[in-house]
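Examining the three-dimensional arrangement
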Amino acid sequence: MTASDHPLDHCWYAVATAVAITDQPYPVEICDVSYVIWRGSDGALIAARDRCTHREAKLSLGTITHGCLRCPYHGWVFGDDGRCVAVPSSGDSATIAPTAHLDTLQVAEQYGLIWFSPGEPTQPIPSLDVESDSTFTRLNTNMEIWDCSVTRMIDNMLDVAHFPYTHAGTFGREQEQAVPNFSLEQLDDTFFGYKYSVVVNNEGEAKAMSGGGDDVIGLDMSTGFALPYSVRSTMSYDNGIEQTLFMTASPMSAERSYFTFVLWRNDDVSTTGQQIVDFEREVAREDREMLEQLSGELSLKRGTLVDVQSDKASLEWRRRYSAMVDTAI
Ligand code: FES
Ligand SMILES: [Fe+2]
């Protein structure tokens with residue numbers, strides 16, 4: 001199997017926030033390969049290997065003028081569709097060889113994020129109904145880089161049992177240790193997971209999330225995954241407030257990953273939006289602190305790790321993910 005035949009080369013990965021791609025070339029790394037993304041003359045996204053066709057200089061170190069990317073080494077210029085439009089050393093009249101053009105790759109903008117696929121994607125970007133629901137407002141945060149395996153991140157996102165411990169500093173409650181024996185189901189066309197009710201701390205900053213109420217409240221949630229590395233959690237409070245939290249991770253290398261989340265809420269977030277994003281960032285920081293202590297990838301081999309009832313969703317993700325990465329394209 002060549003690198004481009006690997007199933008993971010045919011997935012969409014969130015690699016940046018849309019606002020981060022401005023007037024500079026943006027370097028991206030997926031599965032140890034470097035890519036560059038920039039906006040062309042009409043603002044359309046262009047993605048290619050971060051390697052000049054001339055002497056392999058890193059194009060992400062170049063500069064952009066009117067949507068054209070200039071290589072920092074000998075100044076070749078690449079325009080829309082990755083076409084090489086200037087070779088300064090050859091003068092104006094010289095013909096440019098077709099091999100000088102860059103092979104462009106799949107890139108798209110969705111949910112305020114830049115999605116990239118090294119090969120032809122075999123599945124769509126995860127579909128989130130709330131994006132087109134006018135009663136919901138979207139909140140984005142920045143793209144982070146975590147020093148841990150993407151597989152450990154998904155396992156963590158699907159896990160409720162760590163709430164009372166890892167998240168003791170935010171919403172976790174020491175009293176809520178037992179995880180109900182939920183059953184797994186197809187939550188919608190995209191996400192597979194489980195529905196459950198939790199009791200969480202609702203003190204201080206948490207009140208921005210819940211819209212107020214007692215210091216301890218109950219809420220209905222669902223958590224589900226979309227292969228390979230996205231998880232959606234929905235929360236609905238008794239007062240009618242609903243929130244969708246979409247978390248997604250992408251593998252830069254075996255132990256380095258992109259991470260970001262997107263929130264949608266059906267309440268007025270004009271004054272509380274930043275506070276809510278900051279609260280979720282703090283929750284993510286608690287996870288990150290734990291996960292960055294764990295080295296290597298999560299074992300996908302059955303029986304290597306001890307799994308209990310609350311690991312059911314993670315087990316199912318591992319089963320489906322293993323089947324996916326073992327399938328030759
Ligand atoms: S390496 Fe890019 S122009 Fe020479
Ligand atoms: Fe967590």
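Being a predicted model, the structure only gives us computed values, none of them experimental. (Residues numbered from 1 in each chain as written. Chains lettered and ligands numbered in written order. Predicted model: local features only at pLDDT ≥ 70, side-chain atom pairs only at ≥ 80, totals over all residues.)

Glancing now at the overall build of the protein chain. Along the backbone of the protein chain there are five helices and 18 strands. Compactness check: the protein chain gives a C-alpha radius of gyration of 22 Å against a globular reference of 20 Å for 329 residues, within 12% of the reference. Looking at the protein chain residue by residue over its 329 residues, the buried ones come to 35%. Considering only contacts in the protein chain between residues 6 or more positions apart, those separated by 24 or more positions represent 58%. (Helix = DSSP H or I, 4+ residues; strand = E, 2+ residues; numbered from the N terminus. Rg over C-alpha atoms; globule rule 2.2 N^0.38 Å. Buried ≥ 20, exposed ≤ 12 C-beta atoms within 10 Å, placed from the backbone. Contact = placed C-beta atoms within 7 Å.)

The residue Asp129 is located in the loop between strand S10 (113-117) and strand S11 (137-140) in this model. Considering only alpha carbons, one finds Asp129 and Thr190, 61 residues apart in sequence, at a separation of 9.9 Å.

What follows covers the pairing of strand S17 (residues 242-253). Within a regular strand, side chains alternate between the sheet's two faces. Of all 12 residues that make up S17, 10 are buried, and the element is covered over most of its length. Two elements, strand S16 (residues 230-236) and S17, share seven bridges in a ladder whose sense is antiparallel. Paired with Thr234 across the strands is Thr244, a residue of S17. Relative to strand S18 (residues 256-265), S17 is paired through 10 bridges, and the arrangement is antiparallel. Counted as the bridge partner of Gln243 is Arg265 from S18. (Pairing = 2+ DSSP bridges.)

The next subject is the nonpolar core. In terms of nonpolar packing, the biggest core is built from 73 residues, with Tyr35, Ile37, Ala47, Ile114, Trp115, Phe116 and Ile154 touching the most fellow members. Tallying contributions element by element places S18 first for this core, with six residues. Domain assignment of the residues forming this core places at least three in each of domain 1 (3-117) and domain 2 (129-325). Setting aside residues up to four positions removed in sequence, Phe116 forms contacts with Tyr13, Val15, Val28, Ile30, Tyr35, Ile37, Ala47, Leu105, Gln106 and Val107. (Core = buried A, V, L, I, M, F, W, Y, C linked by C-beta atoms within 7 Å. Domains from an automatic or database assignment.)

Within the secondary structure, Arg288 is located in helix H4 (residues 273-291). A tally of 18 C-beta atoms within 10 Å means that Arg288 is categorised as partly exposed. Between the alpha carbons of Arg288 and Asp9 there is a distance of 25 Å; along the sequence they are 279 residues apart.

The next thing to look at is helix H5 (residues 312-325). Relative to the 20 Å expected for 14 residues at 1.5 Å per residue, H5 spans 20 Å between its end C-alpha atoms, a close match to the ideal helical length. On its buried face, H5 is in contact with helix H1 (150-157), strand S14 (192-201) and strand S15 (216-226). (Expected span 1.5 Å × (residues − 1).)

Before going further, it helps to examine the domain arrangement of the protein chain. As far as domains go, the protein chain holds domain 1 (3-117) and domain 2 (129-325). Counting from both sides, the interface comprises 16 residues of domain 1 and, opposite them, 16 residues of domain 2. Where the side of domain 1 that touches domain 2 is concerned, the elements lending two or more residues are strand S1 (13-17) and strand S2 (26-30). Residues that form the side of domain 1 that touches domain 2 fall into these classes: 12 nonpolar, two polar and two charged. (Nonpolar A, V, L, I, M, F, W, Y, C, P; charged D, E, K, R; others polar.)

We now examine the sheet that holds strand S3 (residues 33-39). The strands that make up a sheet are held in pairs by hydrogen bonds between backbone atoms, and each pair lies either parallel or antiparallel. A sheet is described by the order of its strands in space; here three strands give the open sequence S2-S3-S4, paired in antiparallel fashion. Among the strands making up the open sheet, the edge pair consists of S2 and strand S4 (45-49). Across the sheet, the mean angle from the axis of one strand to that of its neighbour is 30°, orientation sign disregarded. (Axes fitted to C-alpha atoms, helices over the stretch in contact; angles between N-to-C directions.)

This paragraph deals with the sheet that holds S10. Read across the open sheet, the three strands follow the order S1-S10-S9; overall the sheet is antiparallel. Pairing within the sheet leaves two strands with one partner each, and these edge strands are S1 and strand S9 (106-110). Each adjacent strand pair in this sheet contributes to an overall mean axis angle of 30°, direction not counted. Two elements, S9 and S10, share five bridges in a ladder whose sense is antiparallel. Considered in S10, the bridge of Ala108 is made with Trp115.

Moving on, we come to the pairing of S14. Pairing of strand S13 (residues 185-186) with S14 involves two bridges; the strand directions are antiparallel. Opposite Glu185, over in S14, you have Gly193 as the bridge partner. What sits between the antiparallel neighbours S13 and S14 is a turn of five residues. In terms of strand pairing, S14 meets S15 through 10 bridges, oriented antiparallel. Directly across from Val198, in S15, lies its bridge partner Leu219.

Our focus in this paragraph is unusual backbone geometry. A cis geometry characterises the amide bond from Leu227 onward to Pro228, with omega recorded as 0°. Positioned with a positive phi, Asp81 is a non-glycine residue whose angle comes to about 60°. As for its placement among the helices and strands, Asp81 is situated in the loop between strand S7 (77-78) and strand S8 (84-86). Although it is not a glycine, Tyr111 adopts a positive phi angle of roughly 60°.

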